[in-house]
Amino acid sequence: MPNLMNTYLPLPVTFVRGEGVWLWDEEGKRYLDALAGVAVCGLGHCHPELVKAICQQAGTLIHTSNLYHIGKQEQLASRLALLSGMDNAFFCNSGAEANEAAIKLARLYGHGKNIDLPTIIVMEKSFHGRTMATLTASGNRKVQAGFEPLLTGFARVPYNDLEAVAQVGVHNKSVVAILVEPYQGEGGVNVPQANYLQGLRHICDQNGWLLMLDEVQCGIGRSGNWFAFQHSCITPDVITLAKGLGSGVAIGACLAKGTAAKVFKPGNHASTFGGNPLACTAALTTLKVIEDQDLLRNAMEQGDFMRSMFKAELAGLPDLVQIRGQGLMIGIELSRPCGELVKTALKKGLLVNVTSDKVVRLLPPLVIQRSEAEQVVSILSGIVKDFLAT
């Protein structure tokens, strides 16, 4: 790859075709995709309704810019507001951009309260993107290394530790917001205690802070609800989305409610491509198919089934730390680094991922069926057993 910047270490395979949960490489070998483009292809590959809608829109109008009204964008904003309980939306192209918008919104909110250095509380082991602001917000030293000096205006605490958040508030009167993933993805598919988001909501209400939830990976049905926060029965001030929103077509969104929805004014923020007709068509179709095919229920049922089967298959292994997750967001933590399992699974026709060195991460398409879920469990359980036996 002499003409590509050396920013990736791709696996030795090139996919040329996809259908549902399956991909085919150049030689015709078939692979079961249990990663869905890292939680992007929720409808699987080449869903017929999505393909039809994209082709029709591409033949009608792809882009005009936000200098003009965009009907599809307004429809998508209304749909997301209805599903989430938020008031409005800003559209962009990625999760990093959505989080960048949220960070800017929080800072502007803070300056509106005459706070000179608005500070956002963020979490250890978090991942919010690779722009300068979002990598600074991330609790991952690997993505920060070499890009110093990092930005100011962030206070970091352990994930799932309400007391640590409260203590920052006591000692730092410049805090204006909390930015947190309801379930951490890159950090190891970490699931907090049941009252964590409620506790954060209470702290924010007490202090006049914004509660900003990064649902880039866990949103749009992956958890078994439209949004992960809906498992906790709270309402955030800001939600960021991307990945599964467009089923492979690049789109991100920053949703806001109440005071937060009134912070941005014309000229405060913008995106050239954000919310163009093609991207919004993909997102509207994605939401329609998830609803029509009852994929929220499917995500919950198949995810529960897979975690239960993994626990049965891997029971008693001394090097198995934990099997955890929510919906079709599954992590299998081992006691030692297991990155080599990705290549082993690839050879056996299964696409998985390892994050945080020791956690096998599964993010299958929301359309996965029971027989396919059984294949994932069977293949991966065998691989893990062989690995831990060596």
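So, here is what we can say about the structure in this document. (Residues numbered from 1 in each chain as written. Predicted model: local features only at pLDDT ≥ 70, side-chain atom pairs only at ≥ 80, totals over all residues. Heavy atoms only, no water.)

### Topic: unusual backbone geometry
How we decide: Secondary structure elements are taken from DSSP: a helix is a run of H or I of four residues or more, a strand is a run of E of two residues or more, and numbering for both begins at the N terminus. The rule is simple: take the accessible area with a 1.4 Å probe, protein chains only, and divide by the maximum for that residue type; under 20% is buried, over 50% is exposed, in between is partly exposed.
The omega angle of the peptide bond from E148 to P149 is 5°, so this bond is cis rather than trans. Within the fold, P149 resides in the loop between α6 (141-144) and β6 (154-157). Even without a glycine there, the phi angle at N160 is positive, about 70°. One non-glycine residue, D294, adopts positive backbone phi at about 55°. Within the secondary structure, D294 sits in the loop between α9 (277-292) and α10 (295-313). Of the residues examined, D294 reaches a relative accessible area of 35% and is grouped as partly exposed.

### Some details on the nonpolar core
What counts, and what does not: Nonpolar core, defined: a set of buried Ala, Val, Leu, Ile, Met, Phe, Trp, Tyr and Cys residues in which side-chain atoms within 4.5 Å join the residues together. Every residue pair with non-hydrogen atoms within 4.5 Å of one another is taken to be in contact.
Core analysis: the largest hydrophobic core is formed by 84 residues, its most contacted members being I121, I178, M306 and F310. When near neighbours in sequence (up to four residues on either side) are disregarded, F310 contacts A315, I323, I332, L362, V376, V377, L380 and S381. Counting 26 residues, the second-largest nonpolar core is a separate cluster that includes I115, F154, V238 and V263.

### Regarding the state of the cysteines
The criterion, for reference: When two cysteine sulfur atoms lie within 2.5 Å, the pair is treated as a disulfide.
Tallying each qualifying case throughout the model produces zero disulfides. With no disulfide partner, C254 has as its closest neighbouring cysteine sulfur the one in C92, 7.5 Å distant. Among the cysteines around C280, which has no disulfide bond, C92 carries the closest sulfur, lying 11 Å off. Classification of C280 as buried rests on a relative accessible area of 0%.

### Side note on the sheet that holds strand β9 (residues 238-241)
Heads up, the condition is: Strand pairing follows a simple DSSP-based rule, namely that at least 2 bridges must link the two strands. Fitted lines through C-alpha atoms give the axes, limited to the stretch in contact for helices. The angle between two N-to-C directions lies from 0 to 180 degrees.
Pairing is mixed across the open sheet formed by seven strands, whose spatial order is β4-β10-β9-β8-β7-β5-β6. The sheet is open, and its two borders are formed by β4 (88-92) and β6, each paired with just one other strand. Adjacent strand axes in the sheet meet at a mean angle of 20° when their direction is disregarded. Pairing of strand β8 (residues 210-214) with β9, which is carried by three bridges, proceeds in the parallel orientation. When the bridges of β9 are listed, M212 appears paired with V238.

### Overview of the layout of surface pockets
The test is simple: Throughout, the protein atoms alone are placed on a 1 Å grid, and a set of points is a cavity if a 1.4 Å probe fits but cannot get out or a pocket if it is open with protein on both sides within 12 Å along at least five of seven lines; lining residues have an atom within 4 Å of a point. Grid points are joined across faces, edges and corners, and a volume is the space filled by probe spheres set on the points. Residues are grouped as follows: Ala, Val, Leu, Ile, Met, Phe, Trp, Tyr, Cys and Pro are nonpolar; Asp, Glu, Lys and Arg are charged; all remaining types, including Gly, are polar.
In this model, the second largest pocket occupies a volume close to 420 Å³. Forming the walls of the second largest pocket are 17 residues, and the residues nearest its centre are N66, L67, Y68, I70 and Q73. Those elements that provide at least two residues to the lining of the second largest pocket are α3 (71-84) and β4. For the lining of the second largest pocket, the class distribution of residues is eight nonpolar, eight polar and one charged.

### Focus on the pattern of salt bridges
To keep it simple, the criterion reads: Any Lys or Arg side-chain nitrogen located within 4 Å of an Asp or Glu carboxyl oxygen qualifies as a salt bridge.
Considering all chains together, one arrives at 15 salt bridges under this definition. Two residues, E291 and R79, come together in a salt bridge whose shortest N-O distance is 3.0 Å. Highlighted residues: E291 in helix α9 and R79 in helix α3, separated in sequence by 212 residues. The class for E291 is partly exposed, based on a relative accessible area of 47%.

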